[in-house]
Amino acid sequence: MAFQKAVKGTVLVGGGALATILGLSQFAHYKRKQVNLAFVEAADYVSEPVNREPPSREAQILTLKNTTEFDVLVIGGGATGSGCALDAVTRGLKTALVERDDFSSGTSSRSTKLIHGGVRYLQKAIMKLDIEQYRMVKEALHERANLLEIAPHLSAPLPIMLPIYKWWQLPYYWVGIKLYDLVAGSNCLKSSYVLSKSRALEHFPMLQKDRLVGAIVYYDGQHNDARMNLAIALTAARYGAATANYMEVVSLLKKTDPQTGKERVSGARCKDVLTGQEFDVRAKCVINATGPFTDTLRRMDDKNAAAICQPSAGVHIVMPGYYSPESMGLLDPATSDGRVIFFLPWQKMTIAGTTDTPTDVTNHPIPSEEDINFILNEVQ
């Protein structure tokens, strides 16, 4: 089996997240860009791990140093990069994975902790007759079912309550949620249902009692994004990928392509952040899976490369656990500015969010007072 769509130089694979993604998320929105594709033919498909236990970091670094040339070098140890490394190594390709910080230290550990098809996307698909939005929801619901099946220790169905404050909204939202169940088809986790005002207040006594008329409960998935990311990286290491965290790429290596006469990326100069030691890692193709830092790496290849990433900050705040029951979340579909906010139970606490505002790319983003106050005002 061939691991195809490897690129001459670097290839943009995506943000370092499960696309969804506590804290300050930086989501990358990419423009489509054509690239010249090269092909790296895989050896035999690898069906069994070569290591019963993942090798130590020291052993991994020795492999990175002593390997003449890898088939694939993945830069970025988020969900996307770790997934690329696992895909490549299980196809028999000699694979390396390097991460500047720790695995899942960025966007991939800062999601709303949901795996969902997107109720609002389905609403847009219906209202605007947008077939692409519908297909996206359909695919996301399929992937939700897939994650719940392959990682039941990290994923679980979660009922989410939608409070209703006007009588006419009850049939409107009920039809929409039932369509969500219908689109999920055989992947529907559990049928949605209507709750009376008194039952809704039992679950969330802080709701506005005077205006509340009832609620609708539907099911989506909850997911431990950081542990899943780590599990993928560890699995790649067990299958033979040379993986190292705290390994920063300081520059890209290049060589002349004998067929075209042009320079192309042939690896990276890596720096062990813990020791300061630098060495070269050569590879037939290099995958850029650095999420919001995509353009930083692209400009190591071409200083004049136009930006293709527009980062935005998605802020969550963590509140005391009494804001939500342990086994049910809450969706506010109509905030003061039209955004959706979730209140979800997570490890004995409550996560509230998210926002979506443009931001600059930083290693350690900090939430703005404006975003924090927006969420707190919506909670009130």
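Each remark here, short or long, concerns the structure printed above.
Residues numbered from 1 in each chain as written. Predicted model: local features only at pLDDT ≥ 70, side-chain atom pairs only at ≥ 80, totals over all residues. Heavy atoms only, no water.

Within helix α8 (residues 294-301) the residues assigned to the buried category are T294, D295, L297 and R298. Viewed along the axis of α8, the buried residues span an arc of 160°, placing them on a single side of the element. (Buried < 20%, exposed > 50% of the residue type's maximum accessible area, 1.4 Å probe, protein only. Helix = DSSP H or I, 4+ residues; strand = E, 2+ residues; numbered from the N terminus. Arc of directions from axis to C-beta.)

By the definition in use, this model includes 14 salt bridges. Residues E69 and K255 are paired through a salt bridge, measuring 3.9 Å at the closest nitrogen-oxygen approach. With E69 in the loop between α1 (57-66) and β5 (70-75) and K255 in strand β12 (residues 247-256), this pair connects stretches of sequence that are 186 residues apart. Notably, a salt bridge pairs D280 with R269, separated by 3.0 Å at the nearest N-O pair. (Salt bridge = Lys/Arg side-chain N within 4 Å of Asp/Glu carboxyl O.)

Okay, unusual backbone geometry next. Even without being a glycine, L129 presents a positive backbone phi close to 50°. Its identity is not glycine, yet Q347 carries a phi of approximately 50°, on the positive side. The residue Q347 is located in the loop between β17 (341-346) and β18 (349-353) in this model.

Time to look at the environment of V72. Structurally, V72 is set in strand β5. Spatially, the C-alpha atoms of V72 and A88 are 7.4 Å apart, while their sequence positions differ by 16 residues.

A word on a nonpolar patch on the surface. Judged by side-chain polarity, I126, M127, W168 and Y172 come together as a nonpolar surface patch covering roughly 470 Å² of accessible area. Position of W168 among the secondary structure elements: in the loop between β8 (155-164) and α5 (169-184). The exposure class assigned to W168 is exposed, which follows from its relative accessible area of 56%. (Patch = residues over 30% accessible without salt bridge, like charges linked within 9 Å, V, L, I, M, F, W, Y side chains within 5 Å. Areas by Shrake-Rupley, 256 points an atom, 1.4 Å probe, with all protein chains shown as cover.)

Our focus in this paragraph is the nonpolar core. Within the largest apolar cluster, 21 residues are counted, with the highest numbers of intra-cluster contacts made by I160, I164, Y218, L331 and F342. Element by element, the count of residues in this core is highest for α5, at 6 residues. Ignoring anything within four residues of it in the chain, the contact list for I160 reads L114, I216, V217, Y218, D220, G329, L330, L331, F342 and L344. With 20 residues, the next largest nonpolar core counts F70, A242, V265 and A268 among its residues. (Core = buried A, V, L, I, M, F, W, Y, C linked by side-chain atoms within 4.5 Å. Contact = heavy atoms within 4.5 Å.)

To continue, consider the packing of aromatic side chains. A complete count under the given rule lists 4 aromatic pairs for this structure. Relative to Y172, the ring of W168 has its centre 6.2 Å away and its plane inclined at 55°; by these criteria the two rings are tilted. For Y172, a relative accessible area of 37% corresponds to the partly exposed category. An aromatic cluster is defined as three or more aromatic residues linked by ring pairs; in this entry it consists of W168, Y172 and Y173. It is R100 that lies over the ring of F293; its NZ or CZ is 4.7 Å from the centre. (Phe/Tyr/Trp six-rings, centres within 6.5 Å; stacked < 30°, edge-to-face > 60°. Lys NZ or Arg CZ within 6 Å of the ring centre and 35° of its normal.)

Contact geometry for helix α4 (residues 131-150) and α5: axes closest at 9 Å, N-to-C directions at 65°. On the basis of their axis angle, the class for α4 and α5 is roughly perpendicular. Between α4 and α5 lies a crossing whose hand is right-handed. Here Y134, V137, K138, L141 and R144 of α4 come into contact with α5, specifically with Y180, V183 and A184. Classifying every residue of the contact of α4 with α5 gives 6 nonpolar, no polar and 2 charged. (Axes fitted to C-alpha atoms, helices over the stretch in contact; angles between N-to-C directions. Parallel < 35°, antiparallel > 145°, perpendicular 65-115°, else oblique. Left-handed = near helix turned anticlockwise from the far one by under 90°. Nonpolar A, V, L, I, M, F, W, Y, C, P; charged D, E, K, R; others polar.)

None of the figures reported here should be taken as evidence of function without further support.
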